[in-house]
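# Overview (structure and organization)
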Amino acid sequence: MGYPNLGGEGGRGGDVWFVARERTTLKSIREKYPQKRFVAGTGANSSVKALKGEKGKDCEVHVPLGISVLDDDGKQIGELNAAGERFLAARGGLGGSLATNFLPCKGQRRSVHLDLKLIADVGLVGFPNAGKSSLLSKISHAKPEIANYAFTTIQPELGKIMYADYKQISVADLPGLIEGAHANKGMGHKFLKHVERTKQLLLVVDISGFQLSMKTQFRTAFETILLLTKELELYKEELVTKPALLAINKMDLPCAKDNLDELMTQLENPQDFFHLLEEEMIPENTLEFREVIPISTYTGEGIEELKTCLRKSIDEQAEQVNEEYRKKKLLLLQTSKEGQMNRS
């Protein structure tokens with residue numbers, strides 16, 4: 001409330017903020033706020049002792065990195081990707097003043113959805129049973145559940161590759177895609193939303209091909225790569241512009257060498273083999289792989305080479321980003337100098 005006799009202003013209400021913080025989970029938010037209601041403090045009344053009332057206490061809700069804030073219609077209204085980033089979710093009401101006849105105004109009331117997307121350097125992309133979980137356990141300290149059935153991974157697993165110079169690269173093992181994932185079949189959007197936040201893609205493909213069940217069609221390794229590309233493209237076209245590497249797994253199997261020779265020929269000029277495929281399987285753009293690495297998670301073949309290639313690719317991308325930043329800064333300086341010379 002304001003203080004009409006002396007023209008005192010009441011304190012405005014506190015605000016509700018979402019603040020990105022490391023080592024925070026959605027589970028910890030639910031435990032702290034079981035009713036899922038976040039309420040800020042009330043502003044202090046104006047009085048003879050304090051004509052300007054104190055602002056109400058803000059409510060700061062700590063959220064994990066990678067949070068998208070959506071309104072009731074599903075529209076994204078905010079995003080928090082780095083520690084310390086803040087999003088104003090609801091603004092406190094104004095305190096009573098002359099303009100409001102010294103009566104306080106109600107604060108903002110809002111319903112929002114918090115949607116978490118993993119942030120990782122590399123996202124493992126592949127059909128179920130391609131060996132992504134086994135690969136993650138080989139290259140990092142993660143211990144994902146591994147079993148001999150298609151959908152082993154039902155939620156994303158995060159591991160870190162540790163290098164001798166203490167460099168770390170985070171790798172996300174994402175639930176296996178199936179044909180039609182872009183239309184939300186299988187794990188569909190639950191999988192694909194996490195791919196958006198990874199810097200690079202590592203496609204993991206079974207050299208002997210893939211068949212989800214007896215009712216579904218068998219796909220060769222080449223067809224698998226094209227189908228994965230198509231699913232990524234249909235969900236969000238920008239995904240196929242990300243830097244990508246290809247790990248060809250299960251090289252310990254019989255006929256793997258012959259299958260690899262055939263696949264490498266097909267990858268050199270994929271368009272020459274499009275006539276063998278159904279039209280709906282062919283992506284608009286094919287992925288350009290920085291490296292193609294044959295591996296076996298069973299024998300360990302190619303694992304060290306893969307780790308080296310991932311490190312090289314991530315470092316090159318970081319250098320490219322730094323170079324673009326330097327060029328922008330230089331351009332801004334040149335524009336600023338030209339502007340000063342023109343004025344003088």
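Right above here is the structure, for reference.
Below, the structure is looked at part by part. (Residues numbered from 1 in each chain as written. Predicted model: local features only at pLDDT ≥ 70, side-chain atom pairs only at ≥ 80, totals over all residues. Heavy atoms only, no water.)

## Things to note about the sheet that holds strand β9 (residues 168-173)
Keep this limit in mind: Here a strand pair is declared whenever DSSP counts at least two bridges between the two strands. Secondary structure elements are defined from DSSP: runs of H or I of at least 4 residues count as helices, runs of E of at least 2 residues count as strands, and each element is numbered from the N terminus. To get an axis, fit a line to the C-alpha atoms, keeping to the stretch in contact for a helix; angles then go from 0 to 180 degrees between the N-to-C directions.
The strand order β8-β9-β7-β10-β11-β12 describes an open sheet built from 6 strands, whose pairing is mixed. Looking at strand neighbours, the two that pair on one side only are β8 (157-162) and β12 (289-294), the edges of this open sheet. Neighbour to neighbour, the strand axes of the sheet diverge by 25 degrees on average, direction disregarded. Pairing geometry for strand β10 (residues 200-206) and strand β11 (residues 244-249), over 6 bridges, is parallel. Opposite L202, over in β11, you have L245 as the bridge partner.

## Let's talk about the pattern of salt bridges
Where we set the bar: The salt bridge definition used is simple: a Lys or Arg side-chain nitrogen within 4 Å of an Asp or Glu carboxyl oxygen. For the exposure calls, accessible area comes from a 1.4 Å probe over protein chains only, and a residue counts as buried if that area is under 20% of its type's maximum, exposed if over 50%, partly exposed in between.
Applying the stated criterion across every chain yields a total of 18 salt bridges. Measuring nitrogen to oxygen at the nearest pair gives 3.1 Å for the salt bridge that ties K52 to E9. One end of the pair, K52, is in the loop between α1 (26-32) and β2 (59-63); the other, E9, is in the segment before β1 (16-20), and 43 residues separate them in sequence. Residue classification places E9 among the partly exposed residues on the basis of a relative accessible area of 37%. Between K199 and D121 there is a salt bridge; the shortest N-O distance is 3.1 Å. One end of the pair, K199, is in the loop between α3 (188-195) and β10; the other, D121, is in the loop between β6 (113-116) and β7 (122-125), and 78 residues separate them in sequence. According to the relative accessible area criterion, D121 is buried, its value standing at 11%. Members of the salt-bridge network, linked through shared partners, are D165, K167, R311 and D315.

## Considering unusual backbone geometry
At F102, a residue that is not glycine, the phi angle is positive and equals roughly 65 degrees. Among the structural elements, F102 can be located in the loop between β5 (86-90) and β6. Notably, K250 is not glycine yet its phi reads approximately 70 degrees, a positive angle. Counting through the fold element by element, K250 comes out in the loop between β11 and α5 (256-268). Residue classification places K250 among the partly exposed residues on the basis of a relative accessible area of 23%.

## Description of the packing of helix α4 (residues 221-235) against α5
As a reminder, the rule being used: Our angle categories are set so that under 35 degrees counts as roughly parallel, over 145 as roughly antiparallel, 65 to 115 as roughly perpendicular, and the remainder as oblique. Should any heavy atoms of two residues lie within 4.5 Å, those residues are counted as being in contact. Ten residue types, Ala, Val, Leu, Ile, Met, Phe, Trp, Tyr, Cys and Pro, are classed as nonpolar, four, Asp, Glu, Lys and Arg, as charged, and the remainder, Gly among them, as polar.
Between α4 and α5, the least distance of the axes is 9 Å, while the angle of their chain directions is 40 degrees. Judged on the interaxial angle alone, α5 and α4 are oblique. Contacts between α4 and α5 involve A221, F222 and I225 on the former and, on the latter, L263, Q266 and L267. Looking at the contact of α4 with α5, its residues break down into 5 nonpolar, 1 polar and no charged.

## A short note on the pairing of strand β3 (residues 67-70)
Burial along β3 is two-sided: the face carrying I67 and V69 and the face carrying S68 and L70 are both buried. Pairing between β3 and strand β4 (residues 76-80): 4 bridges, direction antiparallel. Across the sheet, the residue bridging to L70 is Q76, located in β4. Counting the residues in the hairpin turn of β3 and β4 gives 5 residues, including G74, whose phi is positive at 85 degrees. Bridge count between β3 and β6: 4 bridges; the pairing is antiparallel. Bridge assignment links I67 to a residue of β6, and that residue is L116.

## Description of α5
Counted only if it meets this: A helix is expected to span 1.5 Å for every residue after the first. It is the directions from the helix axis to the C-beta atoms that the arc portrays.
An ideal rise of 1.5 Å per residue puts 18 Å on 13 residues; α5 measures up with 18 Å between its terminal C-alpha atoms. Every buried residue of α5 is listed here: A256, L260, L263 and Q266. One side of α5 carries all its buried residues, which in axial view fall inside an arc of 125 degrees. Facing away from the buried surface of α5 by more than 90 degrees, the exposed residues are K257, D258 and E268. Close packing links the buried residues of α5 with α4, β11 and β12.

## Quick word on the sheet that holds β2
Taken together, the 3 strands give an open sheet; going across it, the order is β2-β1-β5, and neighbouring strands pair in mixed fashion. With partners counted over all chains shown, the strands left at the sheet margins are β2 and β5, one partner each. Within this sheet the neighbouring strands show an average axis-to-axis angle of 25 degrees, counted without direction.

## Some thoughts on the side chain of D173
Quick note on the threshold: Under this definition, polar contacts are N or O atom pairs within 3.5 Å; protein pairs additionally need one hydrogen-donor-capable and one acceptor-capable atom, and for neighbouring residues in sequence, both atoms have to be side-chain atoms.
Within the secondary structure layout, D173 lies in strand β9. For D173, the side chain forms a polar contact with the side chain of S133, separated by 2.9 Å.

## Quick word on the packing of aromatic side chains
Formally: The rule is short: rings of Phe, Tyr and Trp, with Trp giving its six-membered ring, pair when the centres are within 6.5 Å, and they are stacked under 30 degrees, edge-to-face over 60, tilted in between.
As enumerated under the stated definition, the model contains 4 aromatic pairs in all. Look at F18 and F38: their rings are 5.8 Å apart centre to centre, the planes differ by 90 degrees, and that puts the pair in the edge-to-face class. Of the two residues, F18 is situated in strand β1 and F38 in the loop between α1 and β2; the sequence distance between them amounts to 20 residues. According to the relative accessible area criterion, F18 is buried, its value standing at 1%. The class of F38 is partly exposed, set by a relative accessible area of 23%. Ring centres of F222 and F273 lie 6.1 Å apart, and the angle between their planes is 70 degrees; this geometry places the pair in the edge-to-face category. Note that F222 is positioned in helix α4 and F273 in the loop between α5 and β12, a separation of 51 residues in sequence. Overall, F222 belongs to the buried group, its relative accessible area being 4%.

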